[in-house]
Amino acid sequence: MTGQPHEHQDERGRADGAAHVSTASTTEKAEATPPAIPELVIISGMSGAGRSTAAKCLEDLGWFVVDNLPPALIPTMVELGARSQGNVARIAVVVDVRGRRFFDNLRESLADLEAKHVTRRIVFLESSDDALVRRFESVRRPHPLQGDGRIVDGIAAERDLLRELRGDADLVIDTSSLNVHELRAKMDAQFAGDEEPELRATVMSFGFKYGLPVDADLVVDCRFLPNPHWVPELRPFTGLNEEVSDYVFDQPGAKEFLNQYTELLQLIAAGYRREGKRYVTIAVGCTGGKHRSVAMSEKLSRRLASEGIETVLVHRDMGRE
């Protein structure tokens, strides 16, 4: 009789002990799991180039957006996001320039993020001086850096201050000729995917007579090929037309150029991946951006897609003639 309760007590003790050990293991395992670090995008660029529109687009895509956050507070924002238990998985921060100290703080913050292995991307909004002047004049507001000078003086000062940041940007978008809807479409094309690709390429045809795309990382010149413009039956059409495309690629060196440049891009893409660069804009040019560059861009984008590089195709100047 006296031993039976003792046996029950031992069994309860072992059961309680087992439960206690199990709970402790679960707690230790939970504590050992590090919090998920949010994705981070830093939006910057020229005043008037569309930073607010880009930020609004990311907000509509489900990103947690903070406007005009001092650069020194970016690591704190990421840390707070990590503590949210997955509720804040993607953070976009809009930063602009107000003085030289801005860049000292931003460099320190970026170094802090790199030390903590935070993946960050910089989106830089660019625009021509003429376009920026028109935008500021249309809203009758001064440029934040013009002081007692003219709008163009503020633009020049800001461009000088932002030069280093533009060089570090992962994605540069030139909004000179874009309206709000076109800028949103570009942002959607880059960020709307459910899973971030290893490398995303924008292949853009353009005409040299309309100027180089300022957001190009690589520039290809197709003017070494005969121009379909001088073939009367092909002149009205574009590089999207099968006859024009066949004419371009029947020329000596066209197919060889496409093959060898694709191989070169594979080498470059591997280096971009190693360096953590996720975006590249390849500008393919001819005289007017209507025939040769369009045909070459179409073929090149298909080749890159077949190599596992997610590709966005843009014909910048087609239709301008």
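All residue numbers here refer to positions counted from 1 along the written sequence of the relevant chain. Reporting in this predicted model follows two pLDDT cut-offs: at least 70 for local features of residues, and 80 or more for side-chain atom pairs to be given and counted; totals over whole chains, interfaces and linings ignore these cut-offs and use all residues. Water and hydrogen atoms play no part in the side-chain values, which are based on all heavy atoms of the structure.

Only DSSP runs of H or I with at least four residues qualify as helices, and only runs of E with at least two residues qualify as strands; both kinds are numbered from the N terminus onward. Within the chain, the regular secondary structure consists of 10 helices and 9 strands. Carbon and sulfur atoms make up 51% of the accessible area of the chain, which totals about 17,500 Å². The protein chains shown are the only cover counted for residues, whose accessible areas, like all others here, come from Shrake-Rupley with a 1.4 Å probe.

Exposure categories follow from relative accessible area, calculated using a 1.4 Å probe and restricted to protein chains: below 20% of the type maximum is buried, above 50% is exposed, and the middle band is partly exposed. Among the residues of helix H3 (residues 74-82), those classed as buried are Ile-74, Pro-75, Met-77, Val-78, Gly-81 and Ala-82. End-on view of H3: buried residues confined to an arc of 160°, all on one side of the axis. Read the arc as the range of directions from the helix axis to the C-beta atoms.

Let us now look at the pairing of strand E1 (residues 39-45). In terms of burial, E1 is a largely internal element, 6 of the 7 residues being buried. The pairing of E1 with strand E3 (residues 90-94) spans 5 bridges and is parallel. Opposite Val-41, over in E3, you have Ala-92 as the bridge partner. Paired strands, as defined in this entry, are two strands with at least two bridges between them according to DSSP. With 6 bridges connecting them, E1 and strand E4 (residues 120-126) associate as parallel partners.

On to a negative patch on the surface. Like charges are joined within 9 Å and nonpolar side chains (Val, Leu, Ile, Met, Phe, Trp, Tyr) within 5 Å, but only among residues with over 30% relative accessible area and no salt bridge; these make up the patches. Basic side-chain nitrogens of Lys or Arg form a salt bridge, by our definition, when they fall within 4 Å of a carboxyl oxygen of Asp or Glu. Here the positive residues are Lys and Arg and the negative ones are Asp and Glu; neither His nor the chain ends is included. Charged groups are reduced to one reference atom each: NZ for lysine, CZ for arginine, CG for aspartic acid, CD for glutamic acid. Side chains of Glu-242, Glu-243, Asp-246 and Asp-250 sit close together on the surface and give a patch of like negative charge. Considering the arrangement of structural elements, one finds Asp-246 in helix H8 (residues 242-249). The class for Asp-246 is partly exposed, based on a relative accessible area of 40%.

Another point: the sheet that holds strand E6 (residues 200-207). As summarised here, the arrangement of the 4 strands in space is E7-E8-E6-E9, forming an open sheet in which the pairing is parallel. The open sheet is flanked by strand E7 (218-221) and strand E9 (310-315), the only strands paired with a single partner. Along the sheet, successive strands turn relative to each other by an average axial angle of 20°, direction set aside. The contact criterion used throughout is that any non-hydrogen atoms of two residues lie within 4.5 Å. Helix axes are fitted to C-alpha atoms over the stretch in contact, other axes to C-alpha atoms as well, and angles between N-to-C directions run from 0 to 180 degrees. Its contacts with the sheet put helix H9 (residues 254-274) on E7 and strand E8 (279-286), and the angle it makes with E7 is roughly 175°.

In the Ramachandran plot, Asn-68 falls in the positive-phi region, its phi being about 55° despite a non-glycine side chain. With respect to the secondary-structure elements, Asn-68 resides in the loop between strand E2 (64-67) and H3.

A word on the environment of Ala-49. Its place among the elements puts Ala-49 in the loop between E1 and helix H2 (51-60). Residue classification places Ala-49 among the buried residues on the basis of a relative accessible area of 2%. Residues Ala-49 and Leu-132 lie 83 residues apart in sequence; the distance between their C-alpha atoms is 6.9 Å. Residue contacts for Ala-49: discarding those within four places in its chain leaves Leu-125, Glu-126, Ser-127, Leu-132, Arg-135, Thr-175 and Leu-183.

A few words now on the nonpolar core. Nine residue types can take part in a nonpolar core, namely buried Ala, Val, Leu, Ile, Met, Phe, Trp, Tyr and Cys, and a core is a set of them joined through side-chain atoms within 4.5 Å. Residues Leu-40, Ile-43, Leu-58, Ile-74, Leu-125, Met-187 and Phe-191 are the most contacted members of the largest nonpolar core, which totals 45 residues. Beyond its immediate stretch of four places on either side in the chain, Met-187 contacts Ala-54, Cys-57, Leu-58, Ile-173 and Ala-192. Ranked by size, the runner-up nonpolar core spans 26 residues in total, among them Val-220, Ile-282, Ala-295 and Met-296.

A pair of Phe, Tyr and Trp rings is counted when the ring centres sit within 6.5 Å of each other, with Trp represented by its six-membered ring. The angle between the planes then sorts it: under 30 degrees is stacked, over 60 is edge-to-face, the rest tilted. Applying the stated criterion to the full structure yields 5 aromatic pairs. Ring centres of Phe-191 and Tyr-279 lie 6.1 Å apart, and the angle between their planes is 55°; this geometry places the pair in the tilted category. Placement of the pair is Phe-191 in helix H7 (residues 180-191) and Tyr-279 in strand E8, with a sequence separation of 88 residues. Taken together, the aromatic side chains of Trp-63, Phe-191 and Tyr-279 make up a single cluster linked through ring pairs. Ring-over charges, as used throughout, are those where CZ of Arg or NZ of Lys falls within 6 Å of the ring centre and within 35 degrees of the ring normal. The lysine or arginine in question, Lys-299, covers the ring of Phe-249, its NZ or CZ lying 5.4 Å from the ring centre.

Further remarks concern the pattern of salt bridges. Summed over all chains, the structure comprises 19 salt bridges. When the shortest N-O distance is used, the salt bridge between Arg-184 and Asp-60 registers 2.6 Å. Taken as a pair, Arg-184 in helix H7 and Asp-60 in helix H2 lie far apart in primary sequence, 124 residues in all. Look at Arg-184 and you get partly exposed, because its relative accessible area is 24%. The exposure class assigned to Asp-60 is partly exposed, which follows from its relative accessible area of 45%. In this structure, a network of salt bridges that share partners links the residues Lys-56, Glu-59, Asp-60 and Arg-184.

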